[in-house]
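Chain by chain, the residues:
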Amino acid sequence: MQLTRFRVRKFRNIVDSDDIVVDPHVTCLVGMNEAGKTAILTALHLLNPVSDQTFSVQRDYPRWLKAKDQRSGELANVRPIVADFTLTDDELAEVDARFGAGALASKTITLSRAYDDGNLYYVVQAEESAVVRALVERLQLSNQVTKASKKADTFDSLRSALDGVDSEDETVVAEVARFRDEITALVGDGTAAKAIWKHLSALVPSFFYFGEYNLLEGRIDLVKLAGDEETASSPDQTARALLALADTTPDALSGDDYEDRKAELESVSNELTDQVFEYWKQNPHLRVRFDIDRTIGMNVQGNPVVTQNCLDIRVEDTRHHFTNNFSQRSSGFRWFFSFLAAFSEFEQRADSLVVLLDEPGLTLHGRAQADFLRFIDERLAPAAPVIYTTHSPFMVKTDQLERVRIVEDKGPEDGAVVSQEVLNVGASSLFPLQAALGYDIAQHLFIGGVNLLVEGPSDFLYLDLIGRHLASQDRPALDEHLRILTAGGSSNIPAFVALIGRELEVSILIDSGTEGAGKLDAALEAGHISKGRLVRVGDVTASKHADIEDLFAIDDYLSLYNKAFGKRVKATNLGNGDRIIYRLEQLHGKFDHYKPAEALLRNPALLDELSAETLENFEKLIQRINATLQTQTPIPPS
């Protein structure tokens, strides 16, 4: 039975979530903090939890609606969770085999719960007349009994029809009695829908919820654990799951053979640790160890008794040769290990589970979050459907956006709502998707084998347009394998290279002596950028301060500037300085450097008007850039 959609109403900060469509394998709920993601997951969990939990009006009903809805009587009718489940073909075939072909009008079963009563309500769309006909045909009844039951289309009308059979023939009387027994065996004293639900109820998946409040504690009081009631969604429940995996109990660990029990725990610990490190790549040198801390005291009779018995969970760091308490390790590692311990209790019946993970990557590094996504896809999803919440861009797979649902709190009137239409939500709620897409695009920007990183789009246009013009004259042009990318300024280049990956083939072109050059010099000194791959415009102009615009003869650049801005600036109008940009800004103020480059793009005839000086300067620059491709010195890691 597959969960296909659900809806949450009047639960915590939710008035009506709208329908939430569930992916067959993985569904991701994305939203800001306090948007309602946890509330949605909790409500779904309470539909059919693996442990004994229910909804509570006092705890869960929206506070601003509670008094009003109690007065109106509406509260009694609220179903905080309603969910649709679809039968598999095999399950539908089982129903047909037992109740007759066409017994169900729909493969969808709808389940819901109300507040406080603890009942699971169902809607089964049964074709009762088809079930009645199938039973009548199967029994091969006599003409008299068949005729009596012919007009019956429900089991109530069928029972009434049998009451009307009046015969002194003992064979007919026996046949009617047998018919009644068959009806009772098939549907009891109820309806086909009720009987089909009873048959299907065992197939409803349970919901396994895991969040930050389930993390194992580093020190577990075994005496207290043995006496407490079993509470789900707590560290105690995770501790019990760990002990169950080791085939032991708190009482057994308190006994005299606790050394044997401890050995069993160590075995389980090693198994879980190995599973963790299939996906945990942050520190592979950790091992989880167990110790029993027993305190012996005297009772009033003077006999020795155990006054304290605790299970200490410790983590050994084999790289640094020390151990410390499990609770002192990173919360990411604790989350991973605790989840595996808790999930192991139910893994053998994972095919009848839906796994709900609340902010699983909250405390993980970005790359560790990617590892956890791989864990979800490779380990969890093949065993059971997974629904998880996040507000991290690293927990969103941009190649599978169809499994993302956006959660947004729209205030008291509307509450938290869920949407699959990303264009209908606010920018803040959409941010994780935007960030994930941006990072993914950045990772794929380097599409060629070798790449040239420049400061801005004007650099790109000048190199591309003038490079092609030179090539048309059989003069040196940019190497055809180079892909030109813009970084948005020289100060962005060190971060840009670090973000994309320094192991890639990257040449860099920058202006000389401009803002941001200091960061590049520091990156060069640290070895983060290869000196052999860096080209400065000043290398061509032989000046300390130079932009790519200074490769143009003054009259050539003024021609582009005047075309772009409708000016009539002449060289004699310019102030002093070695940068044409600076001299123009002294005259007319700051301007968009892209506009003159765009003028060249939109007016190709201007290329033919460029002077020999301009073409020679760009030819020298292109030759210097091409020469960087001969530099194969790898950029060392930071």
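Residues numbered from 1 in each chain as written. Predicted model: local features only at pLDDT ≥ 70, side-chain atom pairs only at ≥ 80, totals over all residues. Heavy atoms only, no water.

**Some words on the overall build of the protein**
Our working rule: Numbering of helices and strands runs from the N terminus; a helix is a DSSP stretch of H or I covering at least four residues, while a strand is a stretch of E covering at least two. Exposure classes here rest on a 1.4 Å probe applied to the protein chains alone. A residue is buried below 20% of its type maximum, exposed above 50%, and partly exposed in between. Contacts: residue pairs with any heavy atoms within 4.5 Å of one another. With residues, only the protein chains shown are counted as cover, and all accessible areas are computed by Shrake-Rupley using a 1.4 Å probe.
Scanning the protein for helices and strands turns up 25 helices and 20 strands. Counting across all 638 residues of the protein, residues that qualify as buried make up 50%. A fraction of 69% describes how many contacts in the protein between residues 6 or more apart in sequence connect residues 24 or more apart. With the model as given, the accessible surface of the protein reaches about 30,800 Å², and the carbon-plus-sulfur share is 48%.

**A short note on the packing of aromatic side chains**
The following threshold applies: Aromatic rings from Phe, Tyr and Trp, taking only the six-membered ring of Trp, are treated as a pair when their centres fall within 6.5 Å; an angle between ring planes under 30 degrees marks them as stacked, one over 60 as edge-to-face, and anything in between as tilted. A positively charged side chain is recorded as over a ring if its NZ (Lys) or CZ (Arg) lies within 6 Å of the ring centre. The angle to the ring normal must also be within 35 degrees.
The final tally for this structure, using the stated rule, is 24 aromatic pairs. Between Tyr462 and Phe552 the ring centres are 5.0 Å apart and the planes differ by 70°, which places this aromatic pair in the edge-to-face class. Of this pair, Tyr462 sits in helix α17 (residues 457-472) while Phe552 sits in the loop between α20 (538-541) and α21 (554-565), and the two are 90 residues apart along the sequence. Among the aromatic residues, ring-to-ring pairing joins Phe208, Phe210, Trp335, Phe336, Phe339, Phe343, Phe372 and Phe375 into one connected group. For Arg79, the ring lying beneath its charged end belongs to Tyr121, and the centroid distance is 4.0 Å.

**Side note on the sheet that holds strand β8 (residues 206-210)**
So the rule is basically this: Whether two strands pair depends on DSSP finding at least two bridges between them. Lines fitted to C-alpha atoms define the axes here, with helix axes fitted over just the stretch in contact, and angles between the N-to-C directions of these axes take values from 0 to 180 degrees.
One open sheet accounts for six strands, arranged β8-β13-β14-β4-β15-β16; its pairing is mixed. Each edge of the open sheet is held by one strand with a lone partner, namely β8 and β16 (416-419). Taken over all neighbouring pairs, the strand axes of this sheet differ in orientation by 20° on average, direction set aside. Looking at chain direction, strand β4 (residues 26-31) and strand β14 (residues 386-390) are connected through five bridges and run parallel. Across the sheet, Thr27 pairs through a bridge with Ile387, a residue of β14. Docked against the sheet, helix α1 (residues 37-45) engages β4, β8, β13 (353-357), β14, β15 (404-409) and β16, running at close to 145° with respect to β8. Across the face of the sheet, helix α15 (residues 366-380) comes into contact with β4, β13 and β14 while running at roughly 170° to β14.

**Re empty space enclosed by the protein**
Here the idea is plain: a probe the size of a water molecule rolls over the atoms and shows the empty space left. Filter applied, for reference: Every definition here rests on a 1 Å grid over the protein atoms only: cavities are sets of points where a 1.4 Å probe fits but cannot get out, pockets are open sets enclosed by protein on both sides within 12 Å along at least five of seven lines, and lining residues have some atom within 4 Å of a point. Grid points are joined across faces, edges and corners, and a volume is the space filled by probe spheres set on the points. Charged means Asp, Glu, Lys or Arg here, nonpolar means Ala, Val, Leu, Ile, Met, Phe, Trp, Tyr, Cys or Pro, and polar covers whatever is left, Gly included.
This structure, assessed with the given rule, holds two cavities of 30 Å³ or more. The space that makes up the second largest cavity amounts to roughly 30 Å³. Lining the second largest cavity are Leu216, Glu217, Ile220, Pro235, Asp236 and Ala239. In terms of residue count, helix α11 (residues 235-245) provides more of the lining of the second largest cavity than any other element does, three residues in total. Of the residues belonging to the lining of the second largest cavity, the class tally is four nonpolar, no polar and two charged.

**What to know about the nonpolar core**
Threshold: What we call a nonpolar core is a set of buried Ala, Val, Leu, Ile, Met, Phe, Trp, Tyr and Cys residues that are connected through their side-chain atoms within 4.5 Å.
Residues Phe6, Phe155, Phe179 and Ile387 are the most contacted members of the largest nonpolar core, which totals 70 residues. Every residue in contact with Ile387, bar those within four places of it in the chain, is listed here: Leu3, Phe6, Val22, Thr27, Leu29, Leu41, Leu44, Val354, Val355, Leu356 and Leu357. Counting 59 residues, the second largest nonpolar core, distinct from the first, contains Cys28, Leu222, Leu243 and Phe337.

**Things to note about the sheet that holds strand β18 (residues 482-486)**
The sheet built from four strands is open, its strands ordered β18-β17-β19-β20 with parallel pairing. For this open sheet the edge positions go to β18 and β20 (534-536), each flanked by a neighbour on one side alone. Strand-to-strand twist in this sheet, taken as the mean axis angle between neighbours without regard to direction, amounts to 25°. Here strand β17 (residues 450-454) runs beside strand β19 (residues 506-510); their pairing, made up of three bridges, is parallel. Within the sheet, the bridge partner assigned to Leu453 lies in β19 and is Ile508. The strands touched by helix α25 (residues 612-628) are β17, β18, β19 and β20; relative to β20, the strand with the most contacts, the crossing angle is about 165°.

**So, the environment of Asp459**
In this fold, Asp459 is placed in helix α17. Separated by 134 residues in the primary sequence, Asp459 and His593 have C-alpha atoms spaced 9.6 Å apart. Here Asp459 is in contact with Val454, Asp511 and Ile548, once residues within four sequence places are set aside.

**Details of α11**
Those residues of α11 that fall on the buried side of the exposure criterion are Gln237, Thr238, Ala239, Arg240, Ala241, Leu242 and Leu243. Asp247 lies just past α11 and shows a positive phi near 60°.

**Structural notes on the packing of helix α7 (residues 155-163) against helix α8 (residues 170-187)**
Note the threshold: In these notes the angle categories are as follows: under 35 degrees is roughly parallel, over 145 is roughly antiparallel, 65 to 115 is roughly perpendicular, and the rest is oblique. Helix crossings fall into two classes, left-handed where the near helix is turned counterclockwise from the far one by less than a right angle and right-handed where it is turned clockwise.
α8 packs onto α7 with a crossing angle of 165° between their chain directions and a minimal axis gap of 11 Å. As far as their axial angle goes, α8 and α7 are roughly antiparallel. Read as a crossing pair, α7 and α8 show a hand that is left-handed. In this structure, α7 contributes Phe155, Leu158, Arg159, Leu162 and Asp163 to the contact, and α8 contributes Val176, Phe179, Arg180, Ile183, Leu186 and Val187. A per-class count over the contact of α7 with α8 returns eight nonpolar, no polar and three charged.

**Points about the pairing of β15**
Within β15, five of the six residues are buried, which leaves it mostly tucked inside the rest of the structure. Sheet topology note: the β4/β15 ladder contains four bridges and is parallel. The partner of Cys28 across the bridge, within β15, is Val404. When β15 meets β16, the two strands line up antiparallel, connected through four bridges. Each residue of the ladder has a partner; that of Glu408, found in β16, is Val417. The antiparallel pairing of β15 with β16 creates a hairpin that spans six residues between the two strands, and Gly411 there sits at a positive phi of about 95°.

**Considerations on the environment of Leu615**
With respect to the helices and strands, the residue Leu615 is situated in helix α25. Along the primary structure Leu615 and Leu470 are separated by 145 residues, whereas in three dimensions their C-alpha atoms are 7.5 Å apart. Look past the residues within four positions of Leu615 in its chain and what remains in contact with it is Ile466, His469, Leu470, Gln473, Arg475 and Leu610.

**Considering the side chain of Glu91**
What counts is decided by this rule: When charges are counted, Lys and Arg contribute as positive and Asp and Glu as negative, whereas His and the chain ends are disregarded. Salt bridges are counted wherever a side-chain nitrogen of Lys or Arg sits within 4 Å of a carboxyl oxygen of Asp or Glu. Pairs of N or O atoms within 3.5 Å make up the polar contacts considered here, provided that, within protein, one atom can donate a hydrogen while the other can accept it, and that residues adjacent in sequence are counted only when both atoms are side-chain atoms.
Mapping Glu91 onto the fold places it in helix α4 (residues 89-99). As a buried residue without a salt bridge, Glu91 has its nearest oppositely charged side chain in Lys107, at a separation of 8.5 Å. For Glu91, the side chain forms a polar contact with the main-chain nitrogen of Thr88, separated by 2.9 Å. In this structure Glu91 touches Met1, Thr86 and Leu203, once residues within four positions along its chain are discounted.

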